[in-house]
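What follows is the residue order along each chain.
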Amino acid sequence: MVIARPNESTSQKPLRLWPGVVVVAIQLLLRFVLPIFVPESLPIGVIGGILCGLLVAVWWLFFSRAPWSERLGALALMVVAMVATSHLIDVSLATGMMGLEFPIYSIPVLSLAFVGWAVATRRLSVGLRRVTMVATILLACGVWTLLRTGGITSAGVADLTWRWAETPEQRLLVRAAEAPAVPMAVLPAAGTDADWPGFRGPHRDGVVPGVRIETNWSASPPVELWRRPIGPGWSSFAVHGHLLYTQEQRGEDEVVACYDATTGKPVWAHRDAARFWESNGGAGPRATPAVSNGRVYAFGATGILDALDARTGALLWSSHPPADTDTKVPGWGFAGSPLVAGDLVIVAAVGRLAAYDIATGARRWVGPVGGDGYSSPQLFTIDGVAQVLQLSSQGAVSVAPADGSLLWQYPWHSGPRIVQPALISNGDLLISASGAGGGANMRRLAVIHKPGAWTLEERWTSVGLKPYFNDFVVHDGHAYGFDGSILACIDLQDGKRKWKGGHYGSGQLLLLSDQGLLLVLSEQGDLALVAAAPDQFTELARLPAIKGKTWNHPVLVGDLLLVRNSEEMAAFRLALQKL
């Protein structure tokens with residue numbers, strides 16, 4: 001008697017689908033839903049998204065009940081399709097998030113598409129199911145070849161768009177050139193002090209004294225004076241009289257630009273044939289110009305240091321600090337803003353300081369070798385001694401402004417440091433540390449000066465305020481800044497957190513010290529007023545100001561507020577409090 005062998009297609013049990021459905025449901029919740037409500041959970045979502053993708057593969061291979069030809073064939077096709085696609089995608093996706101952006105985004109999409117296919121085709125014939133399986137895998141992978149990213153937010157969310165779509169920079173470049181709008185005769189006198197001389201104001205601390213504004217924006221909202229597109233870059237503004245200075249990218253040229261602060265009209269532009277781009281932050285300069293005694297000093301992302309006539313934009317001299325310090329362009333580009341100290345302009349080249357004669361551009365000194373970092377040099381006077389402090393991944397180093405000789409150093413290894421240090425009323429220092437993809441903690445140091453020696457002692461280390469690349473301010477014994485994407489306040493006595501509240505992404509802020517008021521510019525481009533008070537978080541007003549990812553520092557000069565990002569800039573008139 002002959003016994004017939006059951007055919008695979010007739011003996012196959014129905015697919016076991018529920019494990020796959022449960023896994024992708026968890027994957028979607030972790031990767032896309034949870035970060036909306038708990039922004040700090042994004043790393044969990046990213047890791048969870050990839051792990052759930054692996055669990056989908058385990059389910060399909062061992063528990064799906066699919067024919068073995070489909071199990072092995074599907075997984076093999078996924079691997080081949082992912083590898084092939086990785087060679088065809090746009091460079092922005094290929095290099096984003098240190099080369100991990102494509103798998104981080106594509107694995108959850110592929111998992112969802114594959115489980116969706118398994119559910120939708122479970123009653124189709126074997127042949128049709130296999131054809132649609134191949135199409136689903138190829139489509140879920142191949143769609144990424146049609147996309148590019150304009151960068152990521154601080155939360156790791158990619159700005160995805162079609163690969164062929166025009167960028168804001170490309171749209172700007174096709175605009176007709178505009179003639180200078182301000183006659184040279186009415187430009188500010190060269191010898192007068194700048195109203196806002198550079199990065200974070202006169203003392204690089206984000207503090208605006210002598211200004212009190214109306215906080216009821218329903219009754220007295222900010223009045224928009226002008227708005228205009230601008231080239232990409234994360235530069236802020238320097239302001240002298242009615243002129244503002246900033247840096248931007250225009251095609252293959254890195255530009256230092258001057259605009260009329262009252263109208264937004266261009267006055268002059270100096271161009272260097274240089275372009276910096278990296279996939280997370282995009283193109284353009286990272287530093288902010290410094291204005292001093294009729295000159296503008298600008299440090300580009302590729303390492304060009306220019307001295308320009310503030311009235312005309314004429315090039316006075318140019319130097320190349322990377323060559324003088326034996327450093328290479330770092331991953332984020334050179335980001336430290338130049339510091340004018342006496343007859344020197346000082347820049348940080350990857351944690352190493354270099355000083356140049358402001359008149360000739362001749363190199364005067366080079367400081368000690370530092371670690372990785374994007375912080376700007378900070379001029380402090382501690383115990384009557386002027387010194388330039390620089391932070392890097394190795395810790396803090398202080399040098400004498402005159403010759404760059406080492407005064408003291410404080411080793412504290414971390415990720416590349418970005419934010420500025422702060423000097424508090426009794427002469428202690430606040431410095432922060434960064435970790436993998438975010439802030440780690442903050443530390444208060446006592447700086448003790450004895451004859452012939454400096455010593456530093458740790459007073460406390462706090463995780464109550466963990467700034468990453470968002471600077472903090474100090475007011476009445478407390479520090480205010482960004483703990484992740486949420487504003488926070490800590491007590492400087494012990495470093496303990498007083499409150500945490502308000503979702504502003506990775507924004508920037510100013511302190512109106514006379515009023516005890518924080519002016520916050522969120523990562524989404526919103527303006528907000530928050531009370532600089534330790535008892536509780538209180539948001540007093542909020543309104544949209546500019547569109548797009550905003551990492552640039554705002555500037556307030558009198559009642560004139562200037563904001564920008566990598567796409568546009570705008571000016572607002574704030575109502576001042578009546579006496």
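Details of the structure are given in the entry above.
Rules behind the numbers
Residues numbered from 1 in each chain as written. Predicted model: local features only at pLDDT ≥ 70, side-chain atom pairs only at ≥ 80, totals over all residues. Heavy atoms only, no water. Helix = DSSP H or I, 4+ residues; strand = E, 2+ residues; numbered from the N terminus. Buried < 20%, exposed > 50% of the residue type's maximum accessible area, 1.4 Å probe, protein only. Contact = heavy atoms within 4.5 Å. Areas by Shrake-Rupley, 256 points an atom, 1.4 Å probe, with all protein chains shown as cover. Lys, Arg positive; Asp, Glu negative; His and termini not counted. Charge placed at Lys NZ, Arg CZ, Asp CG, Glu CD. Salt bridge = Lys/Arg side-chain N within 4 Å of Asp/Glu carboxyl O. Core = buried A, V, L, I, M, F, W, Y, C linked by side-chain atoms within 4.5 Å. Pairing = 2+ DSSP bridges. Axes fitted to C-alpha atoms, helices over the stretch in contact; angles between N-to-C directions. Parallel < 35°, antiparallel > 145°, perpendicular 65-115°, else oblique. Left-handed = near helix turned anticlockwise from the far one by under 90°. Nonpolar A, V, L, I, M, F, W, Y, C, P; charged D, E, K, R; others polar. Expected span 1.5 Å × (residues − 1). Arc of directions from axis to C-beta.

> So what's going on with the overall build of the protein? Which residues, and what values?
Of regular secondary structure, the protein possesses 9 helices and 37 strands. Each principal axis of the C-alpha distribution contributes one length, and for the protein these read about 110 × 55 × 55 Å. Expressed as a percentage of its 579 residues, the buried residues of the protein come to 55%. Considering only intrachain contacts with a sequence separation of at least 6, the fraction spanning at least 24 residues in the protein is 56%. About 24,300 Å² of surface is accessible on the protein, with carbon and sulfur atoms providing 60% of the total. Here the protein contributes 46 positive and 46 negative side-chain charges, whose respective centroids are spaced 11 Å apart.

> Before we move on, can you summarise the environment of R295 with the specific residues and values?
When you line up the elements, R295 lands in strand 12 (residues 295-299). For R295, the contacting residues outside a window of four places in its chain are A290, L308, A310, L316, W317, I358 and A359.

> Please give an account of the pattern of salt bridges that cites residues and values.
Counting across every chain of the model gives 22 salt bridges. For the salt bridge of E169 with R275, the shortest nitrogen-to-oxygen distance reads 2.9 Å. You can see E169 sitting in helix 8 (residues 168-173) and its partner R275 sitting in the loop between strand 8 (266-272) and strand 9 (277-278), a full 106 residues away along the chain. Using a relative accessible area of 10% as the deciding quantity, one classes E169 as buried. A residue is classified by how much of its surface remains accessible, and R275, at 32% relative accessible area, is partly exposed.

> Describe the nonpolar core, with residues and values.
Counting residues in each nonpolar core, the largest one holds 37 residues, and the members touching the most others are L527 and L562. Every element with two or more residues in this core is listed here: strand 7 (253-260), strand 31 (508-512), strand 32 (517-521), strand 33 (526-531), strand 34 (539-544), strand 35 (555-557), strand 36 (560-564) and strand 37 (568-573). When residues no more than four places from it in sequence are discounted, the contact partners of L527 are W217, L519, V520, L521, A541, R542, L543, A545, L561 and V563. Counting residues in each nonpolar core, the second largest holds 36 residues, with V56, M82, L110 and W117 among its members.

> Go over the pairing of strand 37 with me, naming the residues and quoting the values.
Most of strand 37 is tucked away: 5 of the 6 residues are buried. Note that strand 36 and strand 37 share 5 bridges and pair antiparallel. Residue L561 lies in a different strand from strand 37, and its bridge partner there is F572. Connecting strand 36 to the antiparallel partner strand 37 that follows it, the hairpin turn spans 3 residues.

> Which residues make up the packing of helix 2 (residues 18-37) against helix 6 (residues 101-120), and what are the values?
In contact at an axis separation of 10 Å, helix 2 and helix 6 are set at 150° when each is read in the N-to-C sense. As the angle between them shows, helix 2 and helix 6 are arranged roughly antiparallel. Pair helix 2 / helix 6 crosses with left-handed handedness. Packed against helix 2, whose contacting residues are G20, V21, V24, Q27, L28, R31 and F32, the element helix 6 presents I104, Y105, I107, P108, S111, L112, V115 and V119 at the interface. Class assignment for the residues of the contact of helix 2 with helix 6 results in 11 nonpolar, 3 polar and 1 charged.

> Got a sec to walk through helix 6? Specific residues and values, please.
Along its 20 residues, helix 6 runs 29 Å from first to last C-alpha, staying within 8% of the 28 Å computed at 1.5 Å per residue. Burial in helix 6 covers these residues: E101, F102, I104, Y105, S106, P108, L110, S111, F114, V115, W117 and A118.

> How would you explain the sheet that holds strand 8 if you had to name every residue and give the values?
Neighbouring strands of a sheet are bound in pairs by backbone hydrogen bonds; such pairs are parallel or else antiparallel. Strand order in the open sheet formed by 4 strands is 5-6-7-8, and the pairing between neighbours is antiparallel. In the strand order of this sheet, the two ends are held by strand 5 (238-240) and strand 8, each with one partner. Averaged over neighbouring strand pairs, the angle between their axes works out to 25° when direction is ignored. With 6 bridges connecting them, strand 7 and strand 8 associate as antiparallel partners. When the bridges of strand 8 are listed, E254 appears paired with D272.

> Describe unusual backbone geometry, naming the residues involved and giving the relevant values.
The backbone of M97 sits at a positive phi, close to 50°, despite the residue not being glycine. With respect to the helices and strands, M97 occurs in helix 5 (residues 91-99).

> Run through helix 5, naming residues and quoting values.
Burial in helix 5 covers these residues: S92, L93, G96 and M97. Within helix 5, the buried residues cover an arc of 90° as seen down the axis, which keeps them to one side. Looking at the buried residues of helix 5, the elements they touch are helix 6, strand 1 (147-152), strand 2 (158-162) and strand 9.

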